[in-house]
Amino acid sequence: MNGEPVILIGHGVDACEVSRIADLMQRHGRRFVERVYKPAELAYAEGGRNTEQRLAARFAAKEAIFKALGTGWAQGIGWTDAEVTRTDAGQPGVSLTGRALEVATRRGISGWSLSLTHTSELAIASAIAFGPAGGLGR
């Protein structure tokens, strides 16, 4: 943030069992994944091995992001209002649209730190929302 002091506005952590995502995919197929994930998230997850693990990590990330926003599932926020992005180096990031972006703007959130990890059984995500020290943060 250009050397400006920042404050932590919100933090969210979530865990998702990989078997839960595999089960949802088996029961609901494309309807489930297209309702929850953006096309770029699906392309990344389906473009390599461990599709269910990658999707579980993104599922956990969305939950963690909504917790960091301070809304959870309230205020009309939908699954695709949060997208897990990737830098060229592979670092995960956050892109918000719709109602989630409105809430983040109102709260003074200007950046994110996102960490994901997964095994064959469990995916975990931590999302930290931050903003300028002089921002709203409410």
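Owing to the predicted nature of the structure, the values given are computational and were not obtained by experimental measurement. (Residues numbered from 1 in each chain as written. Predicted model: local features only at pLDDT ≥ 70, side-chain atom pairs only at ≥ 80, totals over all residues. Heavy atoms only, no water.)

Attention now goes to the pairing of strand 4 (residues 111-118). Here is the key point about a regular strand: its side chains alternate between the two faces of the sheet. Pairing geometry for strand 4 and strand 5 (residues 122-132), over 8 bridges, is antiparallel. Residue pairing across strands places His118 opposite Ala123, the latter belonging to strand 5. Two successive antiparallel strands, strand 4 and strand 5, enclose a turn made up of 3 residues. (Pairing = 2+ DSSP bridges. Helix = DSSP H or I, 4+ residues; strand = E, 2+ residues; numbered from the N terminus.)

A separate point is the pairing of strand 2 (residues 82-86). Direction of pairing for strand 2 relative to strand 3 (residues 92-96): antiparallel, over a ladder of 5 bridges. The partner of Val84 across the bridge, within strand 3, is Val94. The antiparallel hairpin formed by strand 2 and strand 3 contains 5 residues in its connecting segment, where Gly90 sits at a positive phi of about 95°.

Among the residues of helix 1 (residues 18-28), Val18, Ile21 and Leu24 are the ones counted as buried. The arc that holds every buried residue of helix 1, seen down its axis, measures 130°, which confines them to one face. In helix 1, the exposed positions angled more than 90 degrees off the buried face are occupied by Gln26 and Arg27. Of the surrounding secondary structure, the elements contacted by the buried residues of helix 1 are strand 1 (6-17), helix 2 (30-36), helix 4 (51-69) and strand 5. One or two residues past the end of helix 1 sits Gly29, with phi positive at roughly 55°. (Buried < 20%, exposed > 50% of the residue type's maximum accessible area, 1.4 Å probe, protein only. Arc of directions from axis to C-beta. Contact = heavy atoms within 4.5 Å.)

Taken in spatial order, the 3 strands make up an open sheet running 1-5-4, and their pairing is antiparallel. A strand with exactly one partner marks an edge of an open sheet, and here the two such strands are strand 1 and strand 4. Across the sheet, the mean angle separating the axes of adjacent strands is 10° when strand polarity is ignored. Two strands pair when backbone bridges link them, and strand 1 and strand 5 are joined in this way by 11 bridges, in the antiparallel orientation. Bridging from a neighbouring strand, Ile7 pairs with Gly131 of strand 5. Where helix 1 meets the sheet, its contacts fall on strand 1 and strand 5, and the angle it forms with strand 1 comes to roughly 65°. (Axes fitted to C-alpha atoms, helices over the stretch in contact; angles between N-to-C directions.)

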